[in-house]
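Below, each chain spelled out in residue letters.
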Amino acid sequence: DGEIITASAKEHQDLFWGLRGGGGNFGIVSSFRFALHPIGPEILSGLVIHPISEAKTLLSFYREFAANAPDDVAVWVVMRKAPPLPFLPPEWHGKEVLVFACACSGDILKGEEALKPLRRFGKPIVDVVGPHPYVGWQAALDPLLTPGFRNYWKSHDFNELTDAFIEAVIDAASKLPCAHSEIAIAQVGGAISRVGPDATAYRDRNVKFIMNVHGRWESAAEDEECMAWCRGIYDATTPFSTGGVYVNFLTDEEEGRVKDAYGQSYERLVALKRKYDPTNLFSMNQNIKPD
C-alpha cells in the first residue's frame with residue numbers, strides 16, 4: 001500500500017527474516033544497511049583450463065579438493081566450448097574444455113598454497129591464476145553475457161558429485177549444441193552452512209554444489225535443439241540431486257519448483273505474503289502466492 005517501514009532484528013522481525021531469501025515477494029527495498037568484510041583490493045583469482053577429454057579424472061579430483069578447501073577459497077567448474085580468449089592458444093578456440101574458475105578472498109600467499117594441488121593436477125592448457133582486482137574478477141564473465149541472446153536454464157542442488165553424476169554431465173558436455181551454452185557447477189557450503197537453518201528464508205544451507213545448465217544461443221531456429229539439451233541434462237541428473245534448487249536459476253516455466261527453492265521455509269513465507277502482500281501485487285518474480 002506504499003507505506004514505508006523498517007525491517008530489522010528489532011522491527012518487523014518476520015519481514016526481516018523473509019526478505020533475506022524471499023526476495024521481491026514482499027515489497028521494494030529502497031535502502032538498506034549491511035555489514036562489510038574487508039577484501040582485496042586484489043585477490044588471487046583466475047582460470048585453469050583443461051581439455052574436456054580429461055573431465056572424469058578432473059571432476060573426481062575436484063570433489064575431493066572442494067571438500068577440503070578453506071572458506072576463503074572457492075572453485076567453480078564450467079564445461080563449454082572455449083571462447084576466443086586472448087590467453088588461450090588459437091587452436092583451442094571453439095573446442096570443448098573444462099574450466100576451473102578460482103577465487104581466494106583471503107591472503108594471497110595462503111591462497112597460492114591452497115590452490116597449489118589444483119593447479120598442479122593434470123596437464124592444463126593454460127593457467128592464468130594470479131593477483132587481480134576484486135572488482136575485475138566480479139566482472140570477468142560479463143563479456144560472455146552480452147544482451148540479445150536467447151537463454152534457457154535448468155538447475156539442481158547436490159550434496160555430492162557421485163560417479164554417476166559425473167558420467168551424466170560429461171556425456172552432456174560432449175553434446176554441446178552451440179558455442180555459448182555451458183554447464184556450470186558452483187561450490188557452496190563453508191560459512192553458508194554455519195548459519196542456522198531458521199535464521200533467514202534462504203533455502204537449504206547444507207547444499208554443497210549447485211549445477212546450472214546455462215543454455216544460451218543466438219537465433220530462434222536453435223530453440224528446440226538447445227532447450228532439449230538443457231532438459232536432457234536436468235532429467236539425467238535429477239536422481240542425484242537433493243530436490244532443491246537455487247531460486248535465481250529458475251525460469252518462467254518452473255512455477256511449480258518455487259516450493260522446492262524455499263523448502264522448509266515455504267509455508268512460513270506464504271503466511272508472510274498473506275500478511276504483507278495479500279493481493280499479490282509483487283508477482284513479477286519467482287512468486288510466493290498468498291493463497
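Below is a summary of the structure that appears in this document. (Residues numbered from 1 in each chain as written. Predicted model: local features only at pLDDT ≥ 70, side-chain atom pairs only at ≥ 80, totals over all residues. Heavy atoms only, no water.)

## Structural notes on the packing of helix H5 (residues 163-173) against helix H6 (residues 223-237)
Which entries qualify depends on this criterion: For every element, the axis is a line fit to its C-alpha atoms; helices are fit only across the contacting stretch, and the angle between N-to-C directions ranges from 0 to 180 degrees. Per the convention used, a helix needs a DSSP run of H or I reaching at least four residues, while a strand needs a run of E reaching at least two, with both numbered from the N terminus. Should an angle lie under 35 degrees it is considered roughly parallel, over 145 roughly antiparallel, and from 65 to 115 roughly perpendicular; all remaining angles are considered oblique. The contact definition used throughout considers only heavy atoms, calling two residues in contact when any of these lie within 4.5 Å.
Packing of H5 against H6 brings their axes to within 9 Å, and their N-to-C directions diverge by 170 degrees. Put simply, H5 runs roughly antiparallel to H6. Contact residues: H5 offers Phe165, Ala168, Val169 and Ala172, while H6 offers Trp229, Ile233, Ala236 and Thr237.

## Brief notes about helix H2 (residues 55-68)
Inclusion rule: Each residue after the first adds 1.5 Å to the expected span of a helix. Buried means the residue's accessible area, taken with a 1.4 Å probe over protein chains only, is under 20% of the maximum for its type, while exposed means over 50%, and partly exposed covers the values in between. The directions considered for the arc are those from the helix axis to the C-beta atoms.
The terminal C-alpha atoms of H2 lie 20 Å apart, and with 14 residues this matches the ideal 20 Å at 1.5 Å per residue to within 8%. Every buried residue of H2 is accounted for by Ala55, Leu58, Leu59, Phe61, Tyr62, Phe65 and Ala66. Viewed end-on, H2 has its buried residues packed into an arc of 165 degrees, placing them on one side of the element. Those residues of H2 that are exposed and angled more than 90 degrees off the buried face are Ala67 and Asn68.

## Considering the side chain of Arg80
Applicable threshold: N or O atoms closer than or at 3.5 Å make up a polar contact, with two conditions inside protein: a donor-capable atom paired with an acceptor-capable one, and, for residues adjacent in sequence, both atoms drawn from side chains.
Tracing the chain through its elements places Arg80 in strand S2 (residues 73-81). Here Arg80 falls in the buried class, since its relative accessible area comes to 6%. Among the polar contacts made by the side chain of Arg80, one reaches the main-chain carbonyl oxygen of Ala179 at a distance of 2.9 Å. Residue contacts for Arg80: discarding those within four places in its chain leaves Lys95, Glu96, Val97, Leu144, Leu176, Ala179, His180, Ser181 and Glu182.

## Considering the nonpolar core
Formally: We call a set of buried residues a nonpolar core when its members are Ala, Val, Leu, Ile, Met, Phe, Trp, Tyr or Cys and they connect through side-chain atoms within 4.5 Å of each other.
Grouped together as the largest cluster of nonpolar side chains are 42 residues, with contacts concentrated most on Val75, Met79, Phe100 and Leu115. Looking at this core element by element, the count peaks at seven residues for H2. Once residues within four sequence positions are removed from consideration, Val75 is found in contact with Tyr62, Phe65, Phe100, Ala101, Cys102, Leu115, Leu118 and Gln187. By size, the runner-up hydrophobic cluster in this structure holds 15 residues, among which are Trp17, Ala201, Leu272 and Ile288.

## Thoughts on the layout of surface pockets
Any empty space left between the atoms is revealed when a probe the size of a water molecule rolls over them. To keep it simple, the criterion reads: The rule is simple: put a 1 Å grid over the protein atoms alone, call a set of points where a 1.4 Å probe fits but cannot get out a cavity, call an open set with protein on both sides within 12 Å along at least five of seven lines a pocket, and count a residue as lining if it has an atom within 4 Å of a point. Grid points are joined across faces, edges and corners, and a volume is the space filled by probe spheres set on the points. The residue classification treats Ala, Val, Leu, Ile, Met, Phe, Trp, Tyr, Cys and Pro as nonpolar and Asp, Glu, Lys and Arg as charged. All others, Gly included, are polar.
Roughly 1100 Å³ of volume is contained in the second largest pocket. Residue lining of the second largest pocket: 26 residues in total, with Ile5, Ala7, Leu19, Ile28 and Val29 positioned closest to the centre. Residue contributions to the lining of the second largest pocket peak at four residues, all from helix H1 (residues 13-22). A class-by-class count of the residues in the lining of the second largest pocket yields 15 nonpolar, six polar and five charged.

## Comments concerning a nonpolar patch on the surface
This is how the line gets drawn: Candidates for patches are residues over 30% relative accessible area with no salt bridge; among them, like charges are joined within 9 Å and nonpolar side chains (Val, Leu, Ile, Met, Phe, Trp, Tyr) within 5 Å. Areas reported here follow the Shrake-Rupley algorithm with a probe of radius 1.4 Å; residue values treat only the protein chains shown as occluding. Each salt bridge in this description consists of a side-chain nitrogen of Lys or Arg and a carboxyl oxygen of Asp or Glu lying within 4 Å of one another.
Together, Val29, Phe32, Phe34 and Leu36 make up an exposed nonpolar region whose accessible area comes to about 510 Å². Here Val29 is to be found in the loop between H1 and strand S1 (42-51).

## Some points on the packing of aromatic side chains
Spelled out, the test is: Aromatic pairing here means that ring centres of Phe, Tyr or Trp (its six-membered ring) are within 6.5 Å. Orientation follows from the plane angle: under 30 degrees is stacked, over 60 is edge-to-face, and everything else is tilted.
Per the counting criterion, the structure on display carries eight aromatic pairs. When the centroid spacing of 5.8 Å and the interplanar angle of 25 degrees are considered together, the rings of Tyr62 and Phe100 count as stacked. Placement of Tyr62 in helix H2 and of Phe100 in strand S3 (residues 96-104) is noted, with a sequence separation of 38 residues between them. As far as burial versus exposure is concerned, Tyr62 and Phe100 are alike and both buried. Taking the centre distance of 5.2 Å and the plane angle of 90 degrees together, the rings of Tyr246 and Phe249 count as edge-to-face. Judged by its relative accessible area of 23%, Tyr246 is partly exposed. Members of the aromatic cluster, joined through ring pairs, are Phe61, Phe65 and Phe121.

Note that every value here comes from positions in space, so none of it alone points to a role or purpose.
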